[in-house]
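# Topology and contacts: notes
The primary structure of each chain is shown beneath.
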Amino acid sequence: MGNFIQSISDRVSVIASDRLWLEDAALQQTKITSNLHGMVRVVGLPDLHPGRGYPVGAAFFSVGRFYPALVGNDIGCGMALWQTDLLAGKVKLDKLDKQIGNLDGFIDDDEWAVLAAGDASLAERRAALACAMAQAGLDAAPLRSLGTIGRGNHFAELQLIEQVACEDTAAHAGLSRKHVQLLVHSGSRGLGQAVLAAHVDAYGHAGLEDGGMPAQAYLRQHAIAVQFAELNRALIGARILHRLRCHGELVLELNHNTVTPAEIDGQQGWLHRKGATPSDQGLVMLPGSRDDYSYLLQPLAQHGALSLHSLAHGAGRKWQRSECKGRLFSIATPAQLSRTALGGRVICNDRALIYEEAAQAYKNVDSVVACLLGAGLVRVVYRSRPLLTYKTRGECC
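This write-up is about the structure you can find in this document.

Calculation criteria
- Residues numbered from 1 in each chain as written.
- Predicted model: local features only at pLDDT ≥ 70, side-chain atom pairs only at ≥ 80, totals over all residues.
- Heavy atoms only, no water.
- 1 Å grid on protein atoms, 1.4 Å probe; cavity = no way out; pocket = protein on both sides within 12 Å on 5 of 7 lines; lining within 4 Å.
- Points joined across faces, edges and corners; volume = space filled by probe spheres on them.
- Helix = DSSP H or I, 4+ residues; strand = E, 2+ residues; numbered from the N terminus.
- Core = buried A, V, L, I, M, F, W, Y, C linked by side-chain atoms within 4.5 Å.
- Buried < 20%, exposed > 50% of the residue type's maximum accessible area, 1.4 Å probe, protein only.
- Contact = heavy atoms within 4.5 Å.
- Salt bridge = Lys/Arg side-chain N within 4 Å of Asp/Glu carboxyl O.

Bringing empty space enclosed by the protein into the picture now. One pass over the full model with this rule turns up one cavity of 30 Å³ or more. The calculated volume of the largest cavity comes to roughly 40 Å³. Elements supplying a minimum of two residues to the lining of the largest cavity: strand E10 (248-255) and strand E13 (276-278). With three residues, E10 is the single largest residue contributor to the lining of the largest cavity.

Below, the structure written as structure tokens:
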């Protein structure tokens, strides 16, 4: 286990093997973050990479003060997984592509009526969210984007289970290799950005003291943004399931950009996760790139404190977005990048984004999983491959 936990300083550790490549800039950001007032521990996960001032793929524990900037602008970003009743052996890519259609557009009144008829709780949740936003003084404009995926590394993906390592766990969760799974990765869209921007404009990056009015105001808006993100994923899933004329059972719903109260090593404080999936809330999905496998993992609670009860949320970038097109333009066309080596298809009609999100821009997911296994943090439940990944038809809102 020790070979997979690297101590960077007295406050910083990284879950990584000696062979896992980690960018120096990301390690430097973890060190800088560990020196913030009240910061007790920082743990970098195997998908660690540099962000805008703060590292992504890390968890941070502070006492007496918390830092909204560590959570970032996509509060509540996370993943939801459904088991569908689509038979894996009968699906055809062309038909799925056509049926899904365009998910970039806003949900209009007609579509809302159809979705609400299938699940009345969706309309109820939207009404509750709108009320909470109004009471907190938040602009209602982001409500229009509910049910849309967004940009960056967000996606909706139909997957096929290929290898099952723990049949009992998969069966207990209601997962079947005979049927297709749906994974949605998205967040709070423009709402999270608005919450962070307002906070930084007022208070900068100095963090907020426990119990003060500014802290209470931020935490209220943070909770609303998480609520928004969870409903957003539910609506994306509902849109896709309806268009595919199938049923789906929600298996997991997890946020990986949050700040929450926590007790670590007997101290009461604040656990920030930025691109870090909680390991204390059940099964975890760890997706690779769109041309790589994904893994369903079972966290092992006895070692959770080593990683601040957090796990990698993906493969982790190895190239900056600005580098990708220059590196790949001469060797791959957008059409080539939309067909995967695993036999899948990527719907991404944005020429810049398809290069930014190319598989080559990410670490190999097996190297990330190997570090989590080596550190004794998880066990594998199954491995799946992407069948159809939706990013954008080119009309993203």
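Once the structure has been displayed, the description carries forward.
Attention now goes to the nonpolar core. Leu81, Leu286, Leu296, Leu297, Leu372 and Tyr382 are the most contacted members of the largest nonpolar core, which totals 54 residues. Filtering out sequence-adjacent residues up to four positions away, Leu81 remains in contact with Leu175, Gln181, Leu182, Leu183, Glu249, Leu250, Val251, Leu252, Met285, Leu296 and Tyr382. Listed in part, the 29 residues of the second largest apolar core include Leu122, Ala215, Ala225 and Leu235.

Another point: the pattern of salt bridges. Applying the stated rule across the entire model yields 18 salt bridges. Between Asp97 and Arg345 there is a salt bridge whose closest N-O contact spans 3.2 Å. Placement of Asp97 in helix H3 (residues 93-100) and of Arg345 in strand E17 (residues 345-348) is noted, with a sequence separation of 248 residues between them. Accessibility assignment for this pair places Asp97 and Arg345 in one class, buried. Among the ionic pairs, Asp350 bridges to Arg151, the shortest N-O distance being 2.6 Å. Separated by 199 residues along the polypeptide, Asp350 in the loop between E17 and helix H11 (351-356) and Arg151 in the loop between helix H5 (120-135) and strand E7 (155-164) bring together distant segments of the chain. A residue is classified by how much of its surface remains accessible, and Asp350, at 15% relative accessible area, is buried. Overall, the relative accessible area of 42% leaves Arg151 in the partly exposed class.

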